[in-house]
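Residues per chain, in single letters:
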Amino acid sequence: LFVVDDSCSMSEEQSSLAVNFASFLQIVDSLDMDYHLGVVSTDVGDNGQLQGTVPIVTPNTPDPESAFSTNVNLGINGSGIEQGFQNAHLALSSPNIDPGGFNYGFLREEAGLRIIFVSDEQEQSGGAFGLSAQDYIDFCRGIKANPDHVVLSDITGGITGCSANGNNADPGTDFALATNQTGGIS
């Protein structure tokens with residue numbers, strides 16, 4: 001599950017993610033992995049619904065690269081209050097994952113769960129919903145029978161923030177904490 005910031009500062013980052021997906025797909029294909037890829041925004045107004053005309057991209061999707069690129073280019077009209085944890089929670093909860101729900105079929109019992117957060121801001125779900133970063137980590141781990149099958153990763157400003165090519169990313173300490181606690185990649 002890719003959780004992508006759709007606020008006003010993310011146009012270049014969304015485009016870069018879409019362009020670089022080809023490299024990611026080459027690695028996944030070389031490992032002969034059976035994957036389900038979905039994209040949600042950091043705007044809880046989207047209610048955790050997978051985005052795009054092909055909301056679940058699989059190895060059987062005609063032109064998965066194009067489908068993912070379309071899905072990840074969410075635009076930049078989303079909320080400036082980035083709530084990636086909460087939108088991931090909504091995406092992986094009832095009623096979205098129930099039969100007939102928007103995200104039905106995305107989760108598979110036998111599959112691992114990987115969530116990749118992409119944002120240039122700090123995670124802001126906790127204050128709005130009264131949950132800590134640890135609460136969201138625990139929720140994600142609770143989805144799978146073996147919590148070791150859940151790995152959260154982030155493409156963010158990390159612990160200290162960063163700058164490159166005239167762009168800045170604020171520290172994403174909660175995202176980095178979740179990554180560290182689940183053995184992900186930051």
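What this report covers is the structure whose coordinates are included nearby. Note on numbering: residues in each chain are counted from 1, in written sequence order. Given that the model is predicted, a residue must reach a pLDDT of at least 70 before its local features are reported, and side-chain atom pairs must reach 80 or more before they are shown or counted; all residues, however, enter totals for whole chains, interfaces and linings. Side-chain numbers here rest on the full set of heavy atoms in the structure, without hydrogens or water.

### Here we look at the overall build of the protein chain
Comment: elements are numbered from the N terminus, with helices defined as DSSP H or I runs of at least four residues and strands as E runs of at least two. From N to C terminus, the protein chain includes six helices and six strands. Along the protein chain, from the amino end to the carboxyl end, the secondary structure elements read β-α-β-α-α-β-α-α-β-β-β-α. Relative to its length of 186 residues, the protein chain is compact, with a C-alpha radius of gyration of 15 Å against a globular reference of 16 Å. Its C-alpha atoms put the protein chain at 40 × 35 × 30 Å along the principal axes. Across the 186 residues in the protein chain, those meeting the buried criterion constitute 44%. Only heavy atoms enter the contact rule, under which two residues are in contact if any of them lie within 4.5 Å. Taking contacts inside the protein chain between residues at least 6 apart in sequence as the whole, the part at least 24 apart equals 72%. Per-residue and other accessible areas follow the Shrake-Rupley method at a 1.4 Å probe size, with only the shown protein chains counted as cover for residues. Summed over all atoms, the accessible surface of the protein chain reaches about 9100 Å², with 52% contributed by carbon and sulfur. The charge count includes Lys and Arg as positive and Asp and Glu as negative, but it does not include His or the ends of the chains. All charge positions are set by atom: Lys at NZ, Arg at CZ, Asp at CG, Glu at CD. One way to put it: in the protein chain the 4 positive side-chain charges average out to a point 14 Å from where the 24 negative ones average out. For the radius of gyration, the atom set is restricted to C-alpha positions; the globular benchmark scales as 2.2 Å times the number of residues to the power 0.38. The buried label goes to any residue with under 20% of its type's maximum accessible area, the exposed label to any with over 50%, and the partly exposed label to all in between, with areas taken from a 1.4 Å probe on protein chains only.

### Comments concerning the pairing of strand β4 (residues 150-155)
Counting buried residues along β4, five of its six residues qualify, which places the element largely inside the surrounding structure. Pairs of strands are assigned from DSSP output, requiring at least two bridges between the strands. With six bridges connecting them, strand β3 (residues 113-118) and β4 associate as parallel partners. Directly across from Ile-116, in β4, lies its bridge partner Ser-153.

### A short note on the side chain of Ser-7
With respect to the helices and strands, Ser-7 occurs in the loop between β1 (2-4) and α1 (11-30). N or O atoms closer than or at 3.5 Å make up a polar contact, with two conditions inside protein: a donor-capable atom paired with an acceptor-capable one, and, for residues adjacent in sequence, both atoms drawn from side chains. Reaching out from Ser-7, the side chain makes a polar contact with the side chain of Asp-5 at a distance of 2.8 Å. When residues no more than four places from it in sequence are discounted, the contact partners of Ser-7 are Ile-76, Gly-78, Ser-79, Gly-80, Glu-82 and Asp-120.

### Let's talk about the packing of helix α5 (residues 133-143) against helix α6 (residues 173-182)
Axis definition: a line fit to C-alpha positions, over the contact stretch in the case of helices; interaxial angles, taken between N-to-C directions, run 0 to 180 degrees. Two elements in contact, α5 and α6, have axes separated by 10 Å at closest approach and are oriented at 40°. By the criterion of interaxial angle, the relationship of α5 to α6 is oblique. Seen from above, α5 lies across α6 with right-handed handedness. Across the interface between the two elements, Ala-133, Gln-134, Ile-137 and Arg-141 from α5 touch Asp-174, Leu-177, Ala-178, Gln-181 and Thr-182 from α6. Roughly parallel refers to an angle under 35 degrees, roughly antiparallel to one over 145, roughly perpendicular to one between 65 and 115, and oblique to any angle outside these ranges. In this scheme the crossing of two helices becomes right-handed for a clockwise turn of the near helix relative to the far one and left-handed for an anticlockwise turn of less than a right angle.

### Examining the pattern of salt bridges
Counted as salt bridges are all cases of a side-chain nitrogen of Lys or Arg within 4 Å of a carboxyl oxygen of Asp or Glu. This structure, assessed with the given rule, holds one salt bridge. Salt-bridge contacts for Asp-34 lead to Arg-108; the nearest nitrogen and oxygen are separated by 3.0 Å. Of this pair, Asp-34 sits in the loop between α1 and β2 (39-41) while Arg-108 sits in the loop between α3 (84-91) and β3, and the two are 74 residues apart along the sequence. Taking the relative accessible area as the measure of exposure, Asp-34 reaches 53% and is therefore exposed.

### Structural notes on the packing of α3 against α5
Relative to each other, α3 and α5 sit at 25°, their axes nearing to 10 Å. The orientation of α3 relative to α5 falls into the category roughly parallel. Crossing of α3 against α5: the hand is left-handed. Here Phe-85, Gln-86 and His-89 of α3 lie close against α5, whose contacting residues are Ala-133, Tyr-136 and Phe-139. Broken down by class, the residue content of the contact of α3 with α5 amounts to four nonpolar, two polar and no charged. In this classification, Asp, Glu, Lys and Arg are treated as charged, Ala, Val, Leu, Ile, Met, Phe, Trp, Tyr, Cys and Pro as nonpolar, and every other residue, Gly included, as polar.

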